[in-house]
Amino acid sequence: MRGGAEPVREEAPAKLNVFLRVLGRREDGYHDLESLILPLALHDVVTALPADGLALRVEGPRAAEAPGGDENLCLVAARTLAEAAGIASPGADLVLDKRVPVAAGMGGGSSDAAATLRALDRLWRCDLEAEVLGEVGARVGSDVPALLVGEPVFVSGRGERVAPVHVLATTWVVKPFGFPVRTPDAFGWWDEEPATGPDAGVLIAAAETGNVELLGSALFNDLQAPVVSRHPEVGAAIDAFLEAGALGAVMTGSGPTVAALAAHPGQADRLARAVHGSFVTGGPPAPSRPGPVAG
Ligand code: C5P
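Summary of the structure given here. (Residues numbered from 1 in each chain as written. Predicted model: local features only at pLDDT ≥ 70, side-chain atom pairs only at ≥ 80, totals over all residues. Heavy atoms only, no water.)

### Here we look at the overall build of the protein
Our working definition: Under the DSSP-based scheme used, a helix requires at least four consecutive residues in state H or I and a strand at least two consecutive residues in state E, with every element numbered from the N terminus. For a compact globule the rule gives 2.2 Å times the number of residues to the power 0.38, and the radius of gyration it is set against comes from C-alpha atoms. Only heavy atoms matter for contacts: two residues are in contact if any of them lie within 4.5 Å across the pair. In these tables, accessible area is a Shrake-Rupley quantity obtained with a 1.4 Å probe, and a residue counts as shielded only by the protein chains included in the view. For the purpose of charge, His is not counted, nor are the chain termini; Lys and Arg are scored as positive and Asp and Glu as negative. Throughout, a charge is located at the NZ atom of Lys, the CZ atom of Arg, the CG atom of Asp or the CD atom of Glu.
Assigned secondary structure in the protein consists of 10 helices and 11 strands. A compact globule built from 295 residues should have a C-alpha radius of gyration of about 19 Å, and the protein, at 19 Å, falls within 12% of that. Projected onto its principal axes, the C-alpha positions of the protein cover 55 × 45 × 35 Å. Across the protein, the fraction of contacts at a sequence separation of at least 24, relative to all contacts at a separation of at least 6, is 75%. Carbon and sulfur atoms make up 52% of the accessible area of the protein, which amounts to about 12,500 Å² in all. The positive charge centre, built from 23 side chains, and the negative charge centre, built from 37, are 3 Å apart in the protein.

### Thoughts on the pairing of strand β4 (residues 92-97)
Defined as follows: Burial here depends on accessible area, computed with a 1.4 Å probe over protein chains only, as a share of the maximum for the residue type. Under 20% is buried, over 50% is exposed, and the range in between is partly exposed. Strands qualify as paired when DSSP identifies two bridges or more between them. A crossover gets the label right-handed when its path from the first strand over the helix to the second runs clockwise, viewed with the strands pointing away from the viewer.
With respect to burial, β4 is a largely interior element, 5 of its 6 residues being buried. Sheet topology places strand β3 (residues 54-59) next to β4; 6 bridges connect them, and they run parallel. Within β4, the residue paired with Leu-54 across the bridge is Ala-92. Remark: the β3/helix α1 (residues 73-85)/β4 crossover connection has left-handed handedness.

### Overview of the site of the ligand
Here is the rule we go by: Whether a residue is near a molecule or strand is decided by its heavy atoms; if any one of them lies within 4 Å of it, the residue is near. What qualifies as a polar contact is a pair of N or O atoms within 3.5 Å, subject to a donor-acceptor requirement within protein and to the restriction that residues adjacent in sequence count only when both atoms come from side chains. Gly falls in the polar group here, along with every residue not listed as nonpolar (Ala, Val, Leu, Ile, Met, Phe, Trp, Tyr, Cys, Pro) or charged (Asp, Glu, Lys, Arg).
Around the ligand, the surrounding shell consists of Gly-29, Tyr-30, His-31, Leu-33, Gly-141, Ser-142, Arg-158, Thr-183, Pro-184 and Phe-187. Between the ligand and His-31, the relevant distance is 2.7 Å, taken from an oxygen atom to a side-chain nitrogen or oxygen of the residue. The backbone of Arg-158 places a nitrogen or oxygen atom 3.0 Å from a nitrogen atom of the ligand. Starting from 450 Å² of accessible surface for the ligand in isolation, the protein chains cover 73%. At 3 residues, helix α5 (residues 183-192) tops the list of elements feeding residues into the shell around the ligand. Residues of the shell around the ligand, tallied by class, amount to 4 nonpolar, 5 polar and 1 charged.

### A short note on the packing of aromatic side chains
We apply this condition: Pairing of aromatic rings covers Phe, Tyr and Trp, the last counted by its six-membered ring, and requires centre-to-centre distances within 6.5 Å; plane angles under 30 degrees mean stacked, over 60 mean edge-to-face, and any other angle means tilted. Placement of a positive charge over a ring is assigned whenever Lys NZ or Arg CZ falls within 6 Å of the ring centre and within 35 degrees of the normal to the ring plane.
According to the stated counting rule, one finds 2 aromatic pairs in the structure shown. Relative to Phe-220, the ring of Phe-19 has its centre 6.1 Å away and its plane inclined at 40 degrees; by these criteria the two rings are tilted. Residue Phe-19 is located in strand β1 (residues 8-25), and its partner Phe-220 is located in strand β8 (residues 220-221); the two are separated by 201 residues in the primary sequence. We classify Phe-220 as partly exposed; its relative accessible area is 22%. Here the aromatic rings of Phe-177 and Phe-179 are separated by 5.6 Å at their centres, their planes lie at 40 degrees, and the arrangement is tilted. Its relative accessible area of 19% is what places Phe-179 among the buried residues. Arg-158 extends its terminal NZ or CZ atom over the ring of Tyr-30, reaching a point 4.7 Å from the ring centre. The cationic tip of Lys-175 hangs over the ring face of Phe-177; the distance from NZ or CZ to the ring centre is 5.0 Å.

### Observations concerning the sheet that holds strand β9 (residues 248-251)
We apply this condition: Helix axes are fitted only over the stretch in contact, all axes being lines through C-alpha atoms; the angle between N-to-C directions runs from 0 to 180 degrees.
Read across the open sheet, the 4 strands follow the order β9-β10-β7-β11; overall the sheet is antiparallel. Pairing within the sheet leaves two strands with one partner each, and these edge strands are β9 and β11 (279-283). Taking each pair of neighbouring strands and ignoring which way they run, the sheet shows an average axis angle of 30 degrees. Both strand β7 (residues 170-175) and strand β10 (residues 258-262) contribute to a ladder of 5 bridges, which runs antiparallel. Residue Val-174 lies in a different strand from β10, and its bridge partner there is Ala-259. Of the strands in this sheet, β7, β9 and β10 are in contact with helix α9 (residues 232-243), which crosses β9 at around 165 degrees. Each of β7, β10 and β11 is contacted by helix α10 (residues 265-274), which is oriented at about 5 degrees to β7, the strand it contacts most.

### Some details on the side chain of Ser-35
Looking at the secondary structure, you find Ser-35 in strand β2 (residues 31-49). By relative accessible area, which is 1% here, Ser-35 ends up buried. A polar contact is formed between the side chain of Ser-35 and the side chain of Asn-17, at a distance of 2.8 Å. A distance of 2.7 Å separates the side chain of Ser-35 from the backbone oxygen of Phe-19, its partner in a polar contact. The contacts of Ser-35, once residues within four sequence positions are left out, are Asn-17, Phe-19, Leu-20, Val-153, Phe-154 and Val-155.

### Topic: helix α3 (residues 130-140)
Residues Leu-133, Gly-134, Val-136, Gly-137, Ala-138 and Val-140 constitute the buried set of α3. Residues of α3 that are buried in the fold lie against α1, α2 (108-123) and α4 (144-149).

### A closer look at the environment of Pro-265
Checked against the element boundaries, Pro-265 lands in helix α10. Each C-alpha atom of the pair Pro-265 and Thr-281 lies 9.2 Å from the other, and the pair is 16 residues apart in sequence.

### Quick notes on the pattern of salt bridges
Put simply, the test is: Any Lys or Arg side-chain nitrogen located within 4 Å of an Asp or Glu carboxyl oxygen qualifies as a salt bridge.
Applying the stated criterion across every chain, the model contains 16 salt bridges. A salt bridge links Asp-143 to Lys-15; the nearest nitrogen and oxygen atoms lie 3.8 Å apart. Of this pair, Asp-143 sits in the loop between α3 and α4 while Lys-15 sits in strand β1, and the two are 128 residues apart along the sequence. Asp-97 is the salt-bridge partner of Arg-99, the closest N and O atoms lying 2.9 Å from each other. We classify Arg-99 as partly exposed; its relative accessible area is 38%. Three or more residues joined by partner-sharing salt bridges are found here, namely Glu-10, Arg-118 and Arg-122.

This is the structure in structure tokens:
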């Protein structure tokens, strides 16, 4: 069912980059990369209600960490969509239920933006083709096109080239930290000592066939070493997961969050007990929401 005067609700899943390879810095300051992005069961929720102007209320357990004003990516996404769709006086009351750690490399803000685009595409009856909505998303942020899809994807370019990958469900233990890492900082640290890791062939084959031992050994992130050298606690968490028997552990995105792959849910519970402040989640989630309007 679409739009009209009904409130529209969209889940905004957190993500893990289980593989992230940085190919190089570009003329425009962005970096070309390759990444396998896995949406998680952990999610925020964006609700859009009809209204005269644009407004946002942030609630939920992590509301205090999220920016509430114009710089919140929900409002950036709403304004960008209105411009692309030629809506002169856009109206929506947006409510963001914030649960995903902020500035953690888990895609929270980008996923909120993607969910806002999906919700307002329906509320405003824009009916944009998936590809066009992806282009609007890329204007909001590099991770937004990937998170619009709601399924595992392999991304390239600066993140705007997106290809769905069929990945079997896996169980993860996630360790956020009490400090943020700004994405431009992580890429800037990489620039100081650029190093590009292996290609994604082995990891993708392992993810597609559900070979979790191989997947664990192939987890990889080129931004990890630059962040670990400035924040040694990230490296310590990776070591702690591995010592506790994780199949693999890696920093996600630009960090600092660390994700460890568990062989099965029982082992995940043991890993979460072994590493203070970590929690268990799975991915990809079973599809539960109406997808984006089909093109
Ligand atoms: O696209 P987004 O606004 O999320 O990117 C934030 C910053 O992260 C960029 O300004 C850039 O410094 C860095 N970045 C990058 N290469 C990418 C994605 C992000 O250098 N592929």
